[in-house]
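Below are the chains, spelled out letter by letter.
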Amino acid sequence: MTDPETYRRYAQLRGECPVSRVRQPNGMETFLVTRFAEVSEALTDARLGKNPRHGAAMLAAGGAGMPREGGNLGGHLLASDPPEHTRLRKLLAREFTMRRVESMRPAVQRLADRLVDDIARDLTDGTGEVDLLPAYAVPLPIIVISGLLGIPQADQERFRAWTRAILQPLGSPGKADGVREFSAYLSDLMEAKRAHPGDDLFSALVAAEADDRLSPQELIGTAILLIVAGHETTVSLIANGVLALLRHPGQLEQVRARTELLPAAIEEFLRYDAPLDRATARWAVEDLEIAGTPVPKGAMVIAALGSANRDETVFPDPDRLDVNREHAHRHLAFGRGIHHCVGAPLARLEAETAIGTLLRRFPSIELAVPAEKLHWTPTIVMNSLDALPVRVSVR
């Protein structure tokens, strides 16, 4: 989970200074928004653009340059504004409708069952230890999104390293190489789809490029976003949700006893310890004010989702996990407005299936190490565990 000290600092900022000036390592000033009301407004304010070109001058002044290190990371939903954003989202939205996602439930359930079977098969006398990340939380979303996109199974294991590289801060060792390798792989895959299109989303994107509905830059940028957002956030949602239950045995027993609580529990996991601690950067298109704080044109604005989701004025007793919380669904874990996560229905389905299957198949599950020994990977915005060792029993 996000460091408890971070949540304490967020609480202090919400009370004292809901819009804070933060100095980045490269010297560039950033405005951090921490209170629910202002975060919600920032996520929907058209004066805060997503295209990094709005902040080009500030980036240059900070010595960062345009954020395209090592390859093409632009041209996708999270780096575009209307009308480009509207066009790109329309191409993807039909693939992630509630009806389309619900039709995937049997396949996701079969996959979860198979992965749990593999774990159980390796147990000695029905009991043993396993790291749930590589054994369960990582492969399930990767296999699901890869099937949707039409990615060969043999290539799926490489995505974890590439996406982790992309999520590192600018200048991090291996980031540039990872971005270049990922972009080159996707360029080759797109060429293969042009020659032999299939019934998959990547083939549909290639067809859209051929019809001039996507530029080559948008094609690769969208492909990278779909793979990164399509599995990395769900990995964290599954792992963070399981960890939250293991650290709160009373809540765990409630979910075990009443499986109908699972959908509401997923919303509480998203609120309590969301996969993204902060939204991706926004840039002031014009001079504006947020909660009385002047924000100059071109400035970077970061919405602290993790702070907004713990705002005590919206969520009473916010640091307490409560799978029965009445308004947990008001969380901002998936964003809000035109940039609300297009894949949210699929993430919810995968998390509900994965966690429900795990609890059903393993009557006994507990952390195999003290919680304070767990580590999180430092990334730009993600809230991701390095490992989740647990002790399970099928008896």
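Because the structure is a prediction, the values reported are computed rather than measured.

**Student:** Just checking my understanding: could you explain the overall build of the protein chain for this structure?
**Tutor:** For the protein chain, the helix and strand inventory stands at 16 helices and twelve strands. Relative to a compact globule of 395 residues, whose C-alpha radius of gyration would be 21 Å, the protein chain shows 21 Å and is just as compact. Taking all contacts inside the protein chain whose residues are at least 6 apart in sequence as the whole, residues at least 24 apart take part in 75%. A total accessible area of about 17300 Å² is found for the protein chain, and carbon and sulfur atoms account for 54% of it. Within the protein chain, one finds 46 positive and 52 negative side-chain charges whose respective centroids are separated by 2 Å.

**Student:** Can you help me understand the sheet that holds strand E12 (residues 389-393) in this one?
**Tutor:** Within a sheet, adjacent strands bond to each other through the backbone by hydrogen bonds, running parallel or antiparallel. The strand order E4-E12-E9 describes an open sheet built from three strands, whose pairing is antiparallel. The open sheet has two edge strands with one neighbour each: strand E4 (127-131) and strand E9 (364-367). Here the strands of the sheet are splayed against their neighbours by 25 degrees on average, with no regard to which way each runs. When E4 meets E12, the two strands line up antiparallel, connected through five bridges.

**Student:** Looking at this model, I keep getting lost on the pattern of salt bridges. Mind explaining?
**Tutor:** Between side chains of opposite charge, a pair can form when the charged atoms approach closely. Under the counting rule described, the total for this entry stands at 29 salt bridges. Notably, a salt bridge pairs Arg105 with Glu352, separated by 3.8 Å at the nearest N-O pair. Of this pair, Arg105 sits in helix H6 (residues 105-121) while Glu352 is found in helix H16 (residues 344-361), placing the two residues 247 residues apart along the sequence. Assessed through its relative accessible area of 22%, Glu352 is described here as partly exposed.

Calculation notes
Residues numbered from 1 in each chain as written. Predicted model: local features only at pLDDT ≥ 70, side-chain atom pairs only at ≥ 80, totals over all residues. Heavy atoms only, no water. Helix = DSSP H or I, 4+ residues; strand = E, 2+ residues; numbered from the N terminus. Rg over C-alpha atoms; globule rule 2.2 N^0.38 Å. Contact = heavy atoms within 4.5 Å. Areas by Shrake-Rupley, 256 points an atom, 1.4 Å probe, with all protein chains shown as cover. Lys, Arg positive; Asp, Glu negative; His and termini not counted. Charge placed at Lys NZ, Arg CZ, Asp CG, Glu CD. Pairing = 2+ DSSP bridges. Axes fitted to C-alpha atoms, helices over the stretch in contact; angles between N-to-C directions. Salt bridge = Lys/Arg side-chain N within 4 Å of Asp/Glu carboxyl O. Buried < 20%, exposed > 50% of the residue type's maximum accessible area, 1.4 Å probe, protein only.

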